[in-house]
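Examination of the molecular architecture
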Amino acid sequence: MNQEEKIEILLSSIQSDIVIPDGQEQALRMALIDGLLKLAKLDAEYRKSSSPFRYYPVELIKEGFAVWNCGGFDCVKNKGHAIMAAGYDGTLLKVIQTKKEKNGRHTLCLVYQGCFLAEANSFRDGSVLVNLYQIVGFVSKAGGGFEAKCKCLYNSGPRFVSTKMADEWIDRLSGLIESVSYMSLKEDNVSTDYRW
């Protein structure tokens, strides 16, 4: 059923119980359209938040898919953010391009299915929240471009660690976790600091 059909059903239900004054039917129709659009947006946001997957923008270049290692600590906003990728074995990925954007993009790395992406959010008190994802595939975005479809395997914060990984994997990826944490705390950052 499309949106127009839903609106007609709602409008006919309202008209069967209420007498709509002349000239108000169009205003009611517009209000129903607005309400359905808001519901569709809320539904999409809910599905995204409850999804076991997270999507990160990637670039399609001639060598394949690539993601920017990026981030730093913004003193004005009093918070930091960083994203960093590593190979399936936890090692560095091939760097295609470098930039020195302040708290922005630093290195563009080739990624593939099975790679890991770590994301860190940090705060003025030095606390850091880290999420570790594994790329399970690549999808095209509705508006154009591509995203890496990622499954969350690890979360940590000042007083907690939640993982779906064996200890040996956490040890193998500890350099990635430490690097992304450090990068999110580094003020006015212009580079990627690999700590493994």
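What counts as what
Residues numbered from 1 in each chain as written. Predicted model: local features only at pLDDT ≥ 70, side-chain atom pairs only at ≥ 80, totals over all residues. Heavy atoms only, no water. Helix = DSSP H or I, 4+ residues; strand = E, 2+ residues; numbered from the N terminus. Rg over C-alpha atoms; globule rule 2.2 N^0.38 Å. Buried < 20%, exposed > 50% of the residue type's maximum accessible area, 1.4 Å probe, protein only. Patch = residues over 30% accessible without salt bridge, like charges linked within 9 Å, V, L, I, M, F, W, Y side chains within 5 Å. Areas by Shrake-Rupley, 256 points an atom, 1.4 Å probe, with all protein chains shown as cover. Salt bridge = Lys/Arg side-chain N within 4 Å of Asp/Glu carboxyl O. Pairing = 2+ DSSP bridges. Contact = heavy atoms within 4.5 Å.

Another aspect to go through is the overall build of the protein. Each helix and strand in the protein was counted, giving 4 helices and 9 strands. Listed N to C, the secondary structure of the protein is α-α-β-β-β-β-β-β-β-β-β-α-α in terms of helices and strands. A compact globule built from 196 residues should have a C-alpha radius of gyration of about 16 Å, whereas the protein, at 23 Å, is more than 25% larger. The principal-axis extents of the C-alpha atoms in the protein amount to approximately 70 × 40 × 35 Å.

This next bit is on unusual backbone geometry. If you check the backbone angles, asparagine 78 has positive phi at about 60° while not being a glycine. Here asparagine 78 is to be found in the loop between β2 (64-74) and β3 (79-86). Exposure remark for asparagine 78: the relative accessible area of 37% places this residue in the partly exposed category. One non-glycine residue, asparagine 103, adopts positive backbone phi at about 55°. Along the chain, asparagine 103 turns up in the loop between β4 (95-98) and β5 (105-111). The exposure class assigned to asparagine 103 is partly exposed, which follows from its relative accessible area of 22%.

The next point concerns a nonpolar patch on the surface. Taken together, the side chains of Phe123, Leu129 and Phe160 present a nonpolar region at the surface, about 240 Å² in accessible area. Mapping phenylalanine 123 onto the fold places it in strand β6 (residues 116-123). For phenylalanine 123, a relative accessible area of 33% puts it in the partly exposed group.

Every regular strand shows the same layout, with side chains that alternate between the two sheet faces. β3 sits mainly inside the fold: 6 of its 8 residues count as buried. Connecting β2 to the next strand, β3, in antiparallel fashion are 4 residues, including asparagine 78 with a positive phi near 60°. Relative to β6, β3 runs antiparallel, the two being bridged by 8 bridges. Each residue of the ladder has a partner; that of methionine 84, found in β6, is alanine 118.

Let us now look at the pairing of strand β9 (residues 160-163). Relative to β9, strand β8 (residues 146-157) runs antiparallel, the two being bridged by 4 bridges. Looking across to β9, one finds that tyrosine 154 is bridged to threonine 163. Between β8 and β9, which pair antiparallel in sequence order, lie 2 residues.

Now for the pattern of salt bridges. One pass over the structure, following the stated rule, counts 8 salt bridges. A salt bridge links glutamate 101 to arginine 105; its shortest N-O distance comes to 2.6 Å. A residue is classified by how much of its surface remains accessible, and arginine 105, at 29% relative accessible area, is partly exposed. Note that aspartate 193 and arginine 195 form a salt bridge whose closest N and O atoms lie 3.5 Å from each other. Aspartate 193 gets classed as partly exposed once you look at its relative accessible area, which sits at 23%. Put simply, Glu8, Glu25 and Arg29 are held in one network by salt bridges that share partners.

Here we come to the side chain of serine 179. Tracing the sequence through the fold places serine 179 in helix α4 (residues 174-185). A residue is classified by how much of its surface remains accessible, and serine 179, at 0% relative accessible area, is buried. For serine 179, the residues in contact, after removing those within four places along its chain, are Met84, Asp193, Tyr194, Arg195 and Trp196.

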